[in-house]
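Below, each chain spelled out in residue letters.
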Amino acid sequence: MTQAPPPRAFSKMRVLVITGAGVSAESGIPTFRGKDGYWRNFDPTKLATPEAFAHDPNLVWDWYRERRQRIRTAQPNPAHRAIANLAERAREFLLVTQNVDDLHRRAGLPSEKIVQIHGDIFITHCSRCDFKRHEHDDDSLPKCPECGALMRPGVVWFGEQLDLAKISIVENFVTADDCDLVIVAGTTALFGYITDWALRARGRTGQLIEVNPEETSLSQFATKSFREPAGVALPRLVHELLSNVSA
Ligand code: OAD
């Protein structure tokens, strides 16, 4: 009888991690669709679309300023730190996060290993030209110093295209080689590209681990699901992986 090969040492693994709002929930940042999530109380079409911004830029900016402030006072939680720890030890690593906060970076994950596929809430960019800056808030509606048009938050709104340069980074990582391990944590995985990247990246033999207290459309494909908060499951999982115990 042939024996299963021993688990690959973690330092030789190629790893993709995909995160969503659930990973920042334990830092006190609301999710979108969960209990007390933003989309339970607010209408996304009034806050997160180009039409909403054209109609009432003050309302949209007020909401983003409030969110920026909440994020500034929040701290990374054990899930962010566990992912940063994993990244440091893996042979190759990429994080694709749908989160626009900066908590993965503040937990120590280097920027070049992060793709913020839905943008960065701390970037302000021109709604007409390419000008952008990383800035603190002022009270009035910011105007572009290059062309005078209104500046907007650097996030992807409903109905907008993802940034092609960011798609390329993820595609290059996913197509270069199969991953030994794909972890999807804290997301409802509603967007087709998220599920697609997770499934393609794991190839035929990689593990797909989901961390989410709730079942999602990705659960049926997972080799393992942890129905726990990310701040509980991820530190334990990473500890096991780094101790070279198969997870
Ligand atoms: P959602 O709010 O849709 O989903 C959050 C997920 O996190 C849910 O599946 C929860 O079960 C799970 N969750 C809650 N608490 C958790 C915890 N402590 N640990 C682990 N999981 C937990 O957020 P996303 O899936 O990130 O896009 O949403 C995707 C996108 O939809 C967002 O980036 C945003 C939103 O509309 C745009 O604004 C373009």
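In case you missed it, the structure is sitting above this.
Residues numbered from 1 in each chain as written. Predicted model: local features only at pLDDT ≥ 70, side-chain atom pairs only at ≥ 80, totals over all residues. Heavy atoms only, no water.

Concerning the overall build of the protein chain
Logical step 1: Looking only at helices and strands, the protein chain features 10 helices and 9 strands.
Logical step 2: In terms of overall dimensions, the protein chain is globule-like: its C-alpha atoms have a radius of gyration of 19 Å, near the 18 Å expected for 247 residues.
Logical step 3: When its C-alpha atoms are laid out on the principal axes, the protein chain stretches across 70 × 35 × 30 Å.
Logical step 4: For the protein chain, the residues scored as buried account for 47% of the 247 residues in total. (Helix = DSSP H or I, 4+ residues; strand = E, 2+ residues; numbered from the N terminus. Rg over C-alpha atoms; globule rule 2.2 N^0.38 Å. Buried < 20%, exposed > 50% of the residue type's maximum accessible area, 1.4 Å probe, protein only.)

Concerning the environment of F122
Logical step 1: Mapping F122 onto the fold places it in strand β4 (residues 119–126).
Logical step 2: Along the primary structure F122 and P153 are separated by 31 residues, whereas in three dimensions their C-alpha atoms are 7.3 Å apart.
Logical step 3: Excluding residues that lie within four positions of it along the chain, F122 makes contacts with R68, I71, R72, D102, R133, H134 and E135. (Contact = heavy atoms within 4.5 Å.)

Topic: unusual backbone geometry
Logical step 1: If you check the backbone angles, D36 has positive phi at about 65° while not being a glycine.
Logical step 2: Positive phi outside glycine occurs at A189, with the angle close to 50°.
Logical step 3: Residue A189 is classed as buried on the basis of its relative accessible area, which comes to 3%.

Side note on the site of the ligand
Logical step 1: Neighbouring the ligand are 22 residues; F32, R33, T187, T188 and N212 lie closest to it.
Logical step 2: Here an oxygen atom of the ligand sits 3.2 Å away from a polar atom, N or O, in the main chain of G186.
Logical step 3: Protein coverage of the free-state accessible area of the ligand, which is 800 Å², stands at 91%.
Logical step 4: The class makeup of the residues in the shell around the ligand is 10 nonpolar, 9 polar and 3 charged. (Near = heavy atom within 4 Å. Polar contact = N/O pair within 3.5 Å; in protein donor to acceptor, adjacent residues only side chain to side chain. Areas by Shrake-Rupley, 256 points an atom, 1.4 Å probe, with all protein chains shown as cover. Nonpolar A, V, L, I, M, F, W, Y, C, P; charged D, E, K, R; others polar.)

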